[in-house]
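# Notes for the structure review
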Amino acid sequence: MPHETFEGTAVLKASRGNRGALMLACWIALGSCCWLVLFPWLTEMPAIKSHIRRNQLLGIDPTAMFYTEVGQLNGIHVDHSGASPTVSILPLGTAFKPDAPQ
Amino acid sequence: MPNSSHPYSPPSNPASQLEPFPQNEEEVTKPRFRSIISEDWLAIIVGSLILVVVLISAWLWGVQSEKGLASPWKAWLVLPGEWQVNPWTSIKSWPHLLGSLIVCIGLGLIGSFFLGRPQKTSLLGVSATVLLAALAYVLSGQQLVKYYNLEFALWALVLGLIISNTVGAPGWLRSVAMTEFYIKTGLVLLGAEILFGQLLALGLPGICVAWIVTPIVLMTTFWFGQRVLKMESASLNMVISADMSVCGVSAAIATAAACKAKKEELSLAVGLSLSFTVVMMIVLPAIIRALGLSEVLGGAWLGGTIDSTGAVVAAGAMLGDTARDVAATVKMIQNILIGVVAFGVAWYWVRYQQPSNASNNLEQTGFGEVWRRFPRFILGFLGASIAFSVLNQMSAESDQLAQATIAVTKTIRGWLFCLAFVCIGIETNFAELGRHMKGGKPMILYLSGQMLNLCLTLLMAWLAFEVWFPQVTSQIEQVTK
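Residues numbered from 1 in each chain as written. Chains lettered and ligands numbered in written order. Predicted model: local features only at pLDDT ≥ 70, side-chain atom pairs only at ≥ 80, totals over all residues. Heavy atoms only, no water.

## Regarding the overall build of chain A
Within chain A, the regular secondary structure consists of two helices and two strands. Starting at the N terminus, the α and β elements of chain A follow one another as α-α-β-β. Of all 102 residues assigned to chain A, the portion counted as buried reaches 32%. Within chain A, counting contacts between residues at least 6 apart in sequence, those at least 24 apart form 5% of the total. Of the roughly 6200 Å² of accessible surface on chain A, a fraction of 68% belongs to carbon and sulfur atoms. (Helix = DSSP H or I, 4+ residues; strand = E, 2+ residues; numbered from the N terminus. Buried < 20%, exposed > 50% of the residue type's maximum accessible area, 1.4 Å probe, protein only. Contact = heavy atoms within 4.5 Å. Areas by Shrake-Rupley, 256 points an atom, 1.4 Å probe, with all protein chains shown as cover.)

## Comments concerning the interface of chain A and chain B
The interface of chain A with chain B comprises 52 residues on the first partner and 70 residues on the second. Among the residues of chain A in contact with chain B, Trp35(A), Met65(A) and Phe66(A) are the three that bury the most area, contributing 16% of the side total. On the surface where chain A and chain B come into contact, there are two salt bridges. Inspection of the region where chain A meets chain B yields 19 residue pairs in polar contact (both at pLDDT 80 or more). Of all the secondary-structure elements, those providing two or more residues to the side of chain A that touches chain B are α1 (2-43), α2 (46-58), β1 (74-79) and β2 (86-91) of chain A. Of all the elements, α1(A) adds the most residues to the side of chain A that touches chain B, at twelve residues. Looking at the side of chain A that touches chain B residue by residue, the classes come out as 30 nonpolar, 15 polar and seven charged. (Buried area = accessible area lost by both parts, 1.4 Å probe. Salt bridge = Lys/Arg side-chain N within 4 Å of Asp/Glu carboxyl O. Polar contact = N/O pair within 3.5 Å; in protein donor to acceptor, adjacent residues only side chain to side chain. Nonpolar A, V, L, I, M, F, W, Y, C, P; charged D, E, K, R; others polar.)

## Overview of a nonpolar patch on the surface
Residue and element names in this part refer to chain B. Together, Trp 41, Ile 45, Leu 49, Phe 343, Trp 347, Phe 367, Trp 371 and Leu 379 give the surface a local cluster of nonpolar side chains, amounting to about 800 Å² of exposed area. Secondary structure elements with two or more residues in the nonpolar patch: α3 (39-61), α16 (321-353) and α17 (367-373). Sort the elements by how many residues they give to the nonpolar patch and α3 lands first, with three residues. Structurally, the position occupied by Leu 379 is in helix α18 (residues 377-394). (Patch = residues over 30% accessible without salt bridge, like charges linked within 9 Å, V, L, I, M, F, W, Y side chains within 5 Å.)

## As for the pairing of β1(A)
All names here are of chain A. Here β1 lies mainly inside the structure; five of its six residues are buried. Here six bridges tie β1 to β2, and the two strands are oriented antiparallel to one another. Its bridge partner lying in β2, Val 78 is registered against Val 87. A loop of six residues connects β1 with β2, the two strands running antiparallel in sequence. (Pairing = 2+ DSSP bridges.)

## A look at the nonpolar core
Membership of the largest hydrophobic core comes to 171 residues, with the highest contact counts inside it found for Leu187(B), Ile253(B), Leu266(B), Ile306(B), Ile338(B), Phe421(B) and Phe465(B). If you tally residues by element for this core, the top one is α16(B), at 16 residues. Leaving out residues up to four positions away in the same chain, Ile253(B) has contacts with Met65(A), Ile183(B), Leu187(B), Leu266(B), Phe417(B) and Phe421(B). (Core = buried A, V, L, I, M, F, W, Y, C linked by side-chain atoms within 4.5 Å.)

Written out as structure tokens, the structure is:
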């Protein structure tokens, strides 16, 4: 019966739509609990808090994807052009110039 | 019920409207849009224009301060900040954030116009995508999430996946899911940050640890995946091998674009990389302490093995200032190797991996055929890298100009990658992701490759810093104390 089949399909789609909306609501509730309650509580734990403070003081962004995002950190520059290698501080993200005075 | 009149609906007879050689099922069912220009060329043009505009504005209207030259755009292109309890604090500088959102919407509309996406709903779709990207940044800004290096890419992907796998992404949103445009434009901007002069920063020990070990691990892991594990997808194998051996998410994005990997493959590689980064950034410093390794050796080991750049620095800081500085330098060299790796992978792929339409005989793939199939955006990526490397080396003034430009374009690049991951989530379903994990081969590949990486990097770092160049090690310790 085509009419019944159409109605059946419509009911099935509506039920899927409701289930999807319910699932979305569950995800939003779960996410809100994690980000607004659980994570802030865990952040206050002394062991984690001290690590976070240290990163903040040193200006480290642990989520940096590339070296240009890590902040004002130092790297190492090793120069082999002399008789023996010399080491100096290389501010990250700035120019490395072999001939420039270090 | 799919509406056949909607531009996103698959054509009734897809095969008749497709370009000559659809390579997989996804390509057959994917809707086709009449683009004015290819994604690769559009990415090169848009990326180059952004770089030129930002560079010229820094040159003409840049503000000189103690910290150097600052672009006038810098204050108006920002990311949501860090927060602990109240997420609103991350967007307290909302007028500046609004600048970023407007630029992202503008870029999305340009992409949507030139790539032939339906214009009636594009503003709505692009705006929704940009808001989801902003939400992903806010989620990644929570202090605990940030501390564990669970970066925006993961949350952008998760948000897109949740929408597409619950209520389903509406047609107006899916029609502006321009993943490749965002990724390729972002990669052209990333090219400007790849300054080849810094490849030599750590001298000979750096060459040993980063230049030698990284390509060996990459090639061996890829070979292992193809020949021993017999991975079904060579591109998934390559993306996992690159993100594990080079530098995590950024390397995964670059190689995925270079070898034309599927979106689900990039998602999987990024998920694997971030999961193991969380574990390694906590476990490795403890192992280094337990083994009693020096800070220089420990830092070099961390820099060469932990995938994510930020996590390397954070893990190095757990050991001390010396370890942090050495780790950051080794990782910076690996970051810059992305340029070489992406070019090499693109060349290898068109030469040996893609079956030719004209002939399946690989030996007949000549230079012309390789050029025809070569992903053009790589040219923009390398061009930006060469141009900015030259600026970096020319003079102190030109270097300042380059740094002021990069300080702005890295934010735009971050937004573009975030938008790309939202789009990947929107276009992916959980079942498809699960299919790629079948048999656990990607996990075995990652673990095997990482074990090799850990052993080889430790051996090479020990040889370089303790056996061959002990004088360099002692000088590093003096300078950084």
